Amino acid sequence: MDQKHKPLFESFKFRSGVEVSNRIVMAPMTHSSSNEDGTVSDAELEYYARRSEGAGLVLTACIYVTPNGKGFPGEFAGHSDEMIPGLTRLAETIKAKGAKAVLQIFHGGRRVPPALVPNGDVVSASAVAATESPDVVPRELSHEEIESIIRDFGETTRRAALAGFDGVEIHGANTYLLQQFYSPHSNRRTDQWGGDIDRRLTFPLAVVDEVKRAAAEHAKGPFLVGYRFSPEEPETPGLTMEDTFRLLDELAQKELDYLHVSLFDFRSKPARGADDSKTRLEWITERVGHLVPVIGVGSIHTADEAIEVQQAGAPLVAIGRVLLTDPDWVQKIETGHADEIQTKLSLSSQKQLVIPDGLWHMLTAREGWLSFTD
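What counts, and where the lines are drawn
Residues numbered from 1 in each chain as written. Predicted model: local features only at pLDDT ≥ 70, side-chain atom pairs only at ≥ 80, totals over all residues. Heavy atoms only, no water. Helix = DSSP H or I, 4+ residues; strand = E, 2+ residues; numbered from the N terminus. Rg over C-alpha atoms; globule rule 2.2 N^0.38 Å. Buried < 20%, exposed > 50% of the residue type's maximum accessible area, 1.4 Å probe, protein only. Pairing = 2+ DSSP bridges. Axes fitted to C-alpha atoms, helices over the stretch in contact; angles between N-to-C directions. 1 Å grid on protein atoms, 1.4 Å probe; cavity = no way out; pocket = protein on both sides within 12 Å on 5 of 7 lines; lining within 4 Å. Points joined across faces, edges and corners; volume = space filled by probe spheres on them. Nonpolar A, V, L, I, M, F, W, Y, C, P; charged D, E, K, R; others polar. Polar contact = N/O pair within 3.5 Å; in protein donor to acceptor, adjacent residues only side chain to side chain. Contact = heavy atoms within 4.5 Å. Parallel < 35°, antiparallel > 145°, perpendicular 65-115°, else oblique. Left-handed = near helix turned anticlockwise from the far one by under 90°.

S.K.: Would you mind showing me how to read the overall build of the protein chain here?
M.R.: A count of helical and extended segments in the protein chain gives 13 helices and twelve strands. In terms of overall size, the protein chain behaves like a compact globule, its C-alpha atoms giving a radius of gyration of 19 Å where 374 residues would be expected to give roughly 21 Å. Oriented by its inertia axes, the alpha-carbon framework of the protein chain measures out at about 55 × 45 × 45 Å. Residues classed as buried in the protein chain amount to 59% of the 374 residues present.

Next comes the structure, spelled out in structure tokens:
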């Protein structure tokens, strides 16, 4: 191993007591490969088994906590105890390869395709369509429904603990439901769940409290609780870095194991709410990195870039796309063979790389997200 990469391979112990063997995290990536009924498929297990031997921590694709939160075709479900056997197999598969297994839990809110949810009933904080889907106007959730969804996050956490996962990550990023409640673009309510910034924080913080309560009650050992967030929105009104600082200040008081920033590029600079003298990641770690560990992510392809993320203040580094093109990325760096890492896909490499059909179709359809050699 190149000595300058050694910091990536130091162990790390979280607040909860969970310890990982290195600082590399497999980022959560949608794979659209679960069974039609929401149970874990064999193809899904094979995909995770192939990628769980190197990273210290594996974050699964997101799992919906209630039927009207399903965001993707082939997404796996966490809303019923019938899902526990499949989730148990998934946790065992990841842990058998030496990684800690963390289940990402979410509700898609107004970002769900109507065809995927019961009666096409798309819900959100307010009846405001997403910029990406202007023709889908969500129904505003009632007070009782909001409280029910909070409990659903707790119930899915219970199922994760019973299935043997090492923790859960609350998905509050990428404009899904938790972010929709915090954003002034999607939350136009005037009750206890919306209005000023304090009330817009109520729902995401209530989810955190419920998840931590369920983890404390049902986990039989150390159990991680993390939170993923997106730092800005392009809309006006929309979230700015200043809003994000307020969210981070509140989350830092919740004794979470980590905060996971969602960025397409870890070097990106703020657009609003902070100046561009620092990257978004640097602003975030400066704000709360001394209080809670930060996982950095975004267009990390090489070990040098992973070290750059650590130098920006994030002790943990999440990688995604490069684990699709080369599942042995971590091992090659650790053994000094970084020059052998594959960064492009071959159109004939699906079987060799153990990429399930649902994900393969997504990759070949998303121009520019990954490069192909033929």
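Once you've had a look at it, read on.
S.K.: Sorry, what's going on with the sheet that holds strand E11 (residues 294–296) here?
M.R.: Working definition: the strands of a sheet are paired by backbone hydrogen bonds and lie parallel or antiparallel to each other. In space, the eight strands of this closed barrel follow the order E3-E4-E5-E8-E9-E10-E11-E12, with parallel pairing throughout. Direction aside, the axes of adjacent strands within the sheet are offset by 30° on average. The sheet contact formed by strand E8 (residues 167–172) and strand E9 (residues 224–229) spans six bridges and is parallel. Bridge pairing in E9 places glycine 172 opposite phenylalanine 229.

S.K.: Teacher, can you tell me more about unusual backbone geometry here?
M.R.: Peptide bonds are mostly trans, and most non-glycine residues show a negative phi. For the bond from threonine 236 to proline 237, the omega torsion is 0°, close enough to zero to count as cis. In this structure, proline 237 sits in the loop between E9 and helix H7 (241–251). In this structure, threonine 175 takes a positive phi of about 65° despite not being glycine. By secondary structure assignment, the location of threonine 175 is in the loop between E8 and helix H4 (177–182). Not every positive phi belongs to a glycine, and serine 299 is a case in point at roughly 55°.

S.K.: Sorry, what's going on with empty space enclosed by the protein here?
M.R.: If you roll a probe as big as a water molecule over the atoms, it shows you where there is empty space left. Applying the stated rule across the entire model yields three cavities of 30 Å³ or more. Lining the largest cavity are Gly172, Leu178, Gln179, Tyr182, Pro204, Tyr227, Phe229, Ser230, Leu239 and Leu247. Only H4 and E9 provide two or more residues apiece to the lining of the largest cavity. When grouped by side-chain class, the residues that make up the lining of the largest cavity number seven nonpolar, three polar and no charged.

S.K.: Explain the side chain of threonine 93 here, please?
M.R.: One can find threonine 93 in helix H2 (residues 84–96). The buried category is assigned to threonine 93, whose relative accessible area is 19%. Polar contacts involving the side chain of threonine 93 include one to the main-chain carbonyl oxygen of arginine 89, which spans 2.8 Å. When near neighbours in sequence (up to four residues on either side) are disregarded, threonine 93 contacts Leu45 and Ala49.

S.K.: I'm lost on the packing of helix H1 (residues 42–51) against H2 in this one. Help?
M.R.: For any two helices packed against each other, the geometry comes down to the angle between their axes and how far apart the axes lie. One way to put it is that H1 packs onto H2 with a least axis distance of 9 Å and a crossing angle of 20°. Judged by the inter-axis angle, H1 sits roughly parallel to H2. The interaxial crossing formed by H1 with H2 has right-handed handedness. Taken together, the residues of H2 that come into contact with H1 (itself represented by Asp42, Leu45, Tyr48 and Ala49) are Arg89, Leu90, Thr93 and Ile94. When its residues are assigned to classes, the contact of H1 with H2 shows five nonpolar, one polar and two charged.

Interpretation note: all reported values are geometric properties and have no functional meaning in isolation.
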